[in-house]
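Residues per chain, in single letters:
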Amino acid sequence: MTEISPQNIMKIEDYNAIVEDFNKLPSFSRKSENELKKKYKHISPSTLGSIISLLVQRAMKHSYRKSPLISSKYHEFYEGLMRDKSTENVIIQLSDCQGISPALFARSLLQSVYSDSTVAKKYIKDTTLIEDKDLAYQVFLGIMNDNQYGPYADIIKQSIGLEYELRLERELRLMNITFSDENVLRSRGYDKTPDFKLDVPIAVDGFIVNWVESKALFGDEENHSGYLKEQLLCYWNRFGPGLVIYWFGYLETLESTAEVNSMFILRTSFPSKSSITQYKMDI
């Protein structure tokens, strides 16, 4: 099989260095993330941003707890700081102190203020609905200074995911590779579907590909393992071998896993025309 380009395939030493520096960050605010990006200017901003996003989400899973008691405590902290009229960016300061993201702190605070979680979710999506103008402003600042959580961050991530799916679809059409997308496959009764099931298999560097999955993020061992169990094994069982594109790169150690280059291959972009072999019918 042809050697793949090392572009955006990260060495484990580089990845571990990023993780180590991330764990030293004083907070999960945009400012702290930007400091980390300054140090790793040689790494693509989209790749580094994706790695940071993964690390923040994992950190929050370990440190953030939903609890009325915790929400009430956050409310007390907030009220205490708000009494000092000279204090700015209250939610950002408090989230830094508590070691959680600003948007998560804001959501927990609203759950204490309004007690009804449905109302809290509604207000965090539209802070203009919050009657207390000071609280509305502080929640807005918290959300706007959080790259990883909150409604704006969610919309951005969804948009990026759709953008790269559309890019992949365009590449397939340019190559005259016919396919069925997720909507078509679901209409046929499939519950778990790849982004694109090829109507006629192709070969990429000699490897047979029946389906293509787009991942607009960086692939490391933890999230790849999750995708393998929840999605990729299912695709392989139903449709045979395929192609997974981690658009923002992946960890070099993934290449040595049992499933890669047997159940599917990994790439960081759509394969070049010269590496693709298509079935041509003589008429």
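Trainee: So what's going on with the overall build of the protein? Residues and values would help.
Mentor: Counting its regular elements, the protein contains 11 helices and 8 strands. Once the C-alpha set of the protein is aligned to its principal axes, its extents read approximately 80 × 45 × 30 Å. In the protein, which comprises 283 residues, the share counted as buried stands at 46%. Residue pairs in contact within the protein that sit at least 24 positions apart in sequence constitute 63% of those at least 6 positions apart.

Trainee: Lay out the layout of surface pockets in plain terms, naming residues and giving numbers.
Mentor: Space inside the largest pocket adds up to approximately 1,100 Å³. Lining the largest pocket we find 46 residues, and of these Ser 53, Gln 57, Lys 157, Ala 216 and Leu 217 sit closest to its centre. Broken down by secondary-structure element, the contributors of at least two residues to the lining of the largest pocket are α2 (30-39), α3 (45-63), α8 (133-144), α9 (151-174), α10 (182-187), β4 (207-215) and α11 (221-239). Among the elements that make up the lining of the largest pocket, the one with the highest residue count is α9 (10 residues). Split into classes, the residues belonging to the lining of the largest pocket amount to 14 nonpolar, 14 polar and 18 charged. What lines the second largest pocket is a set of 13 residues, and nearest its centre among them are Arg 107, Ile 124, Gly 150, Pro 151 and Asp 154. Of all elements in the fold, only α3, α6 (102-114), α7 (117-125) and α9 reach the threshold of two or more residues within the lining of the second largest pocket.

Trainee: Residue-level account of the nonpolar core, with values.
Mentor: Residues Val 139 and Phe 264 are the most contacted members of the largest nonpolar core, which totals 54 residues. Per-element accounting of this core gives the leading share, 6 residues, to α3. Counting residues in hydrophobic clusters, the runner-up holds 20 residues, among them Leu 198, Leu 243, Trp 247 and Ile 265.

Trainee: Please set out the side chain of Lys 197 residue by residue, giving values where relevant.
Mentor: Summarising the element assignment, Lys 197 is placed in strand β3 (residues 196-204). The buried charged residue Lys 197 lacks any salt bridge partner; its closest oppositely charged side chain belongs to Asp 199, at an N-O distance of 5.9 Å. Leave out the neighbours within four places in its chain, and Lys 197 touches Phe 179, Ser 180, Leu 185, Asn 210, Trp 211 and Phe 239.

Trainee: Can you tell me about the side chain of Glu 33, naming the residues and giving the values?
Mentor: Among the structural elements, Glu 33 can be located in helix α2. Within the buried set, Glu 33 has no salt-bridge partner at all; the shortest N-O distance to an opposite charge, 4.7 Å, is to Lys 37. Among the polar contacts listed, one links the side chain of Glu 33 to the side chain of Gln 148, at a separation of 3.2 Å. Those residues in contact with Glu 33, other than ones at most four positions away along the chain, are Phe 28, Ile 52, Val 56, Asn 147 and Gln 148.

Trainee: Describe the packing of α6 against α7, and please don't skip the residues or the numbers.
Mentor: Running from N to C, α6 and α7 cross one another at 135 degrees; their axes reach a closest spacing of 8 Å. Viewed along their axes, α6 and α7 adopt a mutual orientation that is oblique. Our pair here, α6 against α7, has a crossing hand that is right-handed. Residues Ala 103, Ala 106, Arg 107, Leu 110, Gln 111 and Tyr 114 of α6 lie in contact with α7, whose contacting residues are Ser 117, Val 119, Ala 120, Tyr 123 and Ile 124. Along the lines of polarity and charge, the residues of the contact of α6 with α7 split into 8 nonpolar, 2 polar and 1 charged.

Trainee: Hey, could you go over the pattern of salt bridges for me, with residue numbers and the actual values?
Mentor: With the rule as written, the count across this model stands at 13 salt bridges. In this structure, Lys 39 engages Asp 21 in a salt bridge whose closest nitrogen and oxygen atoms are separated by 2.8 Å. Linking Lys 39 in helix α2 with Asp 21 in helix α1 (residues 12-22), this pair joins segments that are 18 residues apart in sequence. Where Arg 58 meets Glu 222, a salt bridge forms, and the shortest distance between an N and an O atom there is 3.5 Å.

Each value, and the rule that gives it
- Residues numbered from 1 in each chain as written.
- Predicted model: local features only at pLDDT ≥ 70, side-chain atom pairs only at ≥ 80, totals over all residues.
- Heavy atoms only, no water.
- Helix = DSSP H or I, 4+ residues; strand = E, 2+ residues; numbered from the N terminus.
- Buried < 20%, exposed > 50% of the residue type's maximum accessible area, 1.4 Å probe, protein only.
- Contact = heavy atoms within 4.5 Å.
- 1 Å grid on protein atoms, 1.4 Å probe; cavity = no way out; pocket = protein on both sides within 12 Å on 5 of 7 lines; lining within 4 Å.
- Points joined across faces, edges and corners; volume = space filled by probe spheres on them.
- Nonpolar A, V, L, I, M, F, W, Y, C, P; charged D, E, K, R; others polar.
- Core = buried A, V, L, I, M, F, W, Y, C linked by side-chain atoms within 4.5 Å.
- Lys, Arg positive; Asp, Glu negative; His and termini not counted.
- Salt bridge = Lys/Arg side-chain N within 4 Å of Asp/Glu carboxyl O.
- Polar contact = N/O pair within 3.5 Å; in protein donor to acceptor, adjacent residues only side chain to side chain.
- Axes fitted to C-alpha atoms, helices over the stretch in contact; angles between N-to-C directions.
- Parallel < 35°, antiparallel > 145°, perpendicular 65-115°, else oblique.
- Left-handed = near helix turned anticlockwise from the far one by under 90°.

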